[in-house]
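Take a look at the letters that make up each chain.
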Amino acid sequence: MEQNVRQNSQKALVLDWPYLFRLLARSVLVIILSACIVAVGTYVLMDSYLDDTYTASVLLSVVPRDTSTTKQSSSSTLTALTRCLNVLNSDTMEEQVQKNEEVTGISGTISAARVEDTNLIRLSVSGSSAEGVFRLLKAAVEAYPQLSDYFESGYLIRSLTSLSADNIVHSRANPLRYAMMAALLALAAGIGLNVLFALYTDRIHSREQAEQLLDISVIGSLARIKKKRDQKAILVSDELTDPLYLEDMDKLTTRVQDRMDARHFHSLLITSILENEGKSTVSANIALNLAQRGKRVVLIDCDLRKPAMARIFDISMGEHPGLSDLLNGGGTLDDMPMKLKLKGADRLTLILQKKAVADADQLLEGETFAAVLKDLEKTADYVIMDTPPLGIVRDAEIVSKYTDAALITFEQDEIRAVDINDTVDYLEKAGAYVIGGVLNMTRDSAGSRKRGRGYGYYYSGRQTKR
């Protein structure tokens, strides 16, 4: 299946700009820190490697030997200049300079270049010491006349400036420039890696991409909503909940209900791949939404390892038995149900769990749980079960043996398509029909959030009087 996902992703190689911006926002600190480290390392290396540079130069003029000639063609002058430059930059010139005993052991670079649009040549020497470049330049000035046979016939070179230590230019080493260049390259590399990741990743980051890569359809997406100051959980029964979330949850519940009714299903398992993907909040709100529609709903907290429903609904169970007590033979089904004192939730029944237990998989795999579920399905329109993440423990796979349908929630940008498809395989092999997936905690653009709030705000009836 992983190979199929990879092939599909290659067929749909499109850069999702919002996803790329989210990647860059998450990795910007790492990229900047990496660039700073590279810059500091480059600065230290260049500071120890680079030396100050000294440059000395003289101007040479290429003139005809016969000064009585008043006309010289530009082409012949250019040919003479080119010939002289070739000689001055040749190995022959360098060998002639090295014959001078005054430059023995002195290193430097001799170069000649034409002064633009003139018949002048600048003969320069660069090195790491002022004295060294002065000696090399003096030796070069003394050496080039001895190479006159190599120059263009009819032309000679004359020096226009005299040698002087005052003309030596001191250029200090600039490791900071190299450090800045290295930092820019590191920044570009970091951005480039994020672009490549955005192009080739199979992490689900949009509904369109999910439809291409997953073996199931995405029947809903829920925006990332922050709880208000006085909210303990994001519930559709809470007036503080964002209308955008209410609208999205209502659409999701409608699709869940349609798919279950089409196959006459009554029990629904809701799970995720990893922790903190919002499965418990989704379970609670689907159950609440169905109850608000007049359906008899039972919500069971089957996450015996990390129960969350009591916290979500802000219920103190006290001495009330939990699901694990029932499965251990410590009570009857009549002792389990709890009711909510919420508007529109009078048809919702809760079966909660007080604390984590170690042998959760053994309790859920026993005959008692299967019998409890069958009894609940006889009196309820829907039984919703919140189960642990299937990518961490096998509890959801066990529960799926006794349920009709399953719904998978996955957080945007976090879960790979291959992991979701593997989860679908596990659930279907166990006997549950996967009705779809929910792309959760999406980071919508400001424009889409504004439009969603506009409709949800007024249709929910929660607008404030002005």
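The structure under discussion appears in the preceding block.
Residues numbered from 1 in each chain as written. Predicted model: local features only at pLDDT ≥ 70, side-chain atom pairs only at ≥ 80, totals over all residues. Heavy atoms only, no water.

### Let's talk about the packing of aromatic side chains
In the structure shown here, the tally under the stated rule is three aromatic pairs. Taken together, a centroid distance of 6.1 Å and an interplanar angle of 40 degrees make the contact between Trp17 and Phe21 tilted. Linking Trp17 with Phe21, this pair stays in helix α2 (residues 17–49), spanning four residues, or about one helical turn. Taken together, a centroid distance of 5.9 Å and an interplanar angle of 65 degrees make the contact between Phe369 and Tyr402 edge-to-face. Of this pair, Phe369 sits in helix α13 (residues 367–379) while Tyr402 sits in the loop between α14 (395–399) and β12 (405–411), and the two are 33 residues apart along the sequence. For Tyr402, a relative accessible area of 26% corresponds to the partly exposed category. Positioned above the aromatic ring of Tyr178 is the side chain of Arg177, whose terminal nitrogen or guanidinium carbon lies 4.8 Å from the ring centre. When the ring centre of Tyr433 is taken as origin, the NZ or CZ atom of Arg263, which lies over that ring, is 3.9 Å away. (Phe/Tyr/Trp six-rings, centres within 6.5 Å; stacked < 30°, edge-to-face > 60°. Helix = DSSP H or I, 4+ residues; strand = E, 2+ residues; numbered from the N terminus. Buried < 20%, exposed > 50% of the residue type's maximum accessible area, 1.4 Å probe, protein only. Lys NZ or Arg CZ within 6 Å of the ring centre and 35° of its normal.)

### A few points about the environment of Leu348
Position of Leu348 relative to the elements: it lies in strand β10 (residues 348–351). For Leu348, a relative accessible area of 0% puts it in the buried group. As a C-alpha pair, Leu348 and Val62 span 286 residues in sequence and 102 Å in three-dimensional space. The contacts of Leu348, once residues within four sequence positions are left out, are Ala287, Leu288, Ala291, Val297, Leu299, Met338, Lys339 and Leu340. (Contact = heavy atoms within 4.5 Å.)

### Observations regarding helix α9 (residues 279–292)
Each α-helix winds once per 3.6 residues, and so residues spaced three or four apart point in a common direction. The terminal C-alpha atoms of α9 lie 20 Å apart, and with 14 residues this matches the ideal 20 Å at 1.5 Å per residue to within 8%. Of all the residues in α9, the buried ones are Lys279, Ser280, Val282, Ser283, Ala284, Asn285, Ile286, Ala287, Leu288, Asn289, Leu290 and Ala291. The positive-phi residue at the C-terminal boundary of α9 is Gly294, with phi of around 90 degrees. (Expected span 1.5 Å × (residues − 1).)

### Quick look at the pattern of salt bridges
The full count for this structure, using the stated rule, is 20 salt bridges. Between Glu275 and Lys306 there is a salt bridge whose closest N-O contact spans 3.2 Å. Of the two residues, Glu275 sits in the loop between β7 (267–272) and α9 while Lys306 sits in the loop between β8 (297–301) and α10 (309–312), which places them 31 residues apart along the sequence. Overall, Glu275 belongs to the partly exposed group, its relative accessible area being 42%. Among the residues examined, Lys306 registers a relative accessible area of 48% and is labelled partly exposed. Through salt bridges with shared partners, a single ionic network connects Arg305, Asp361, Glu365, Arg394, Asp395 and Lys401. (Salt bridge = Lys/Arg side-chain N within 4 Å of Asp/Glu carboxyl O.)

### Looking at the side chain of Asn194
Relative to the helices and strands, Asn194 resides in helix α6 (residues 175–200). Residue classification places Asn194 among the buried residues on the basis of a relative accessible area of 12%. In contact with Asn194, other than residues within four places in its own chain, are Leu20, Leu23, Leu24, Ser27 and Ile31.

### Remarks on the packing of helix α8 (residues 243–262) against α9
Remark: α8 packs on α9, axes separated minimally by 10 Å, with the N-to-C direction vectors making an angle of 75 degrees. Judged by the inter-axis angle, α8 sits roughly perpendicular to α9. Here Tyr245, Met249, Asp250, Leu252, Thr253, Val256 and Gln257 of α8 come into contact with α9, specifically with Thr281, Val282, Asn285, Ile286, Asn289 and Leu290. Taken together, the residues that form the contact of α8 with α9 break down as seven nonpolar, five polar and one charged. (Axes fitted to C-alpha atoms, helices over the stretch in contact; angles between N-to-C directions. Parallel < 35°, antiparallel > 145°, perpendicular 65-115°, else oblique. Nonpolar A, V, L, I, M, F, W, Y, C, P; charged D, E, K, R; others polar.)

### A short note on the pairing of β8
With five of five residues buried, β8 is to be regarded as a mostly interior element. Going residue by residue along β8, you find Val297, Leu299 and Asp301 tucked away on one face and Val298 and Ile300 tucked away on the opposite face as well. Of the pairings in the sheet, the one linking β8 to β10 comprises four bridges and is parallel in character. Its bridge partner lying in β10, Val297 is registered against Leu348. As paired strands, β8 and strand β11 (residues 382–386) are joined by five bridges and run parallel to one another. Paired with Val298 across the two strands is Val383, which belongs to β11. (Pairing = 2+ DSSP bridges.)

### Digging into a nonpolar patch on the surface
A surface patch of nonpolar side chains, amounting to about 480 Å² of accessible area, comprises Val40, Tyr43, Val44, Leu176 and Met180. Of all the secondary-structure elements, those providing two or more residues to the nonpolar patch are α2 and α6. Per-element tally for the nonpolar patch: the top contributor is α2, with three residues. Note that Val40 resides in helix α2. What makes Val40 exposed here is its relative accessible area of 54%. (Patch = residues over 30% accessible without salt bridge, like charges linked within 9 Å, V, L, I, M, F, W, Y side chains within 5 Å. Areas by Shrake-Rupley, 256 points an atom, 1.4 Å probe, with all protein chains shown as cover.)

### Notes on the packing of helix α4 (residues 91–98) against helix α5 (residues 130–143)
Packing of α4 against α5 brings their axes to within 9 Å, and their N-to-C directions diverge by 115 degrees. Classified by the angle between their axes, α4 and α5 sit roughly perpendicular to one another. α4 and α5 meet at a crossing whose hand is right-handed. Between α4, through Met93, Gln96 and Val97, and α5, the contact on the second element is made entirely by Leu136, Ala139, Ala140 and Ala143. Residues that form the contact of α4 with α5 fall into these classes: six nonpolar, one polar and no charged. (Left-handed = near helix turned anticlockwise from the far one by under 90°.)

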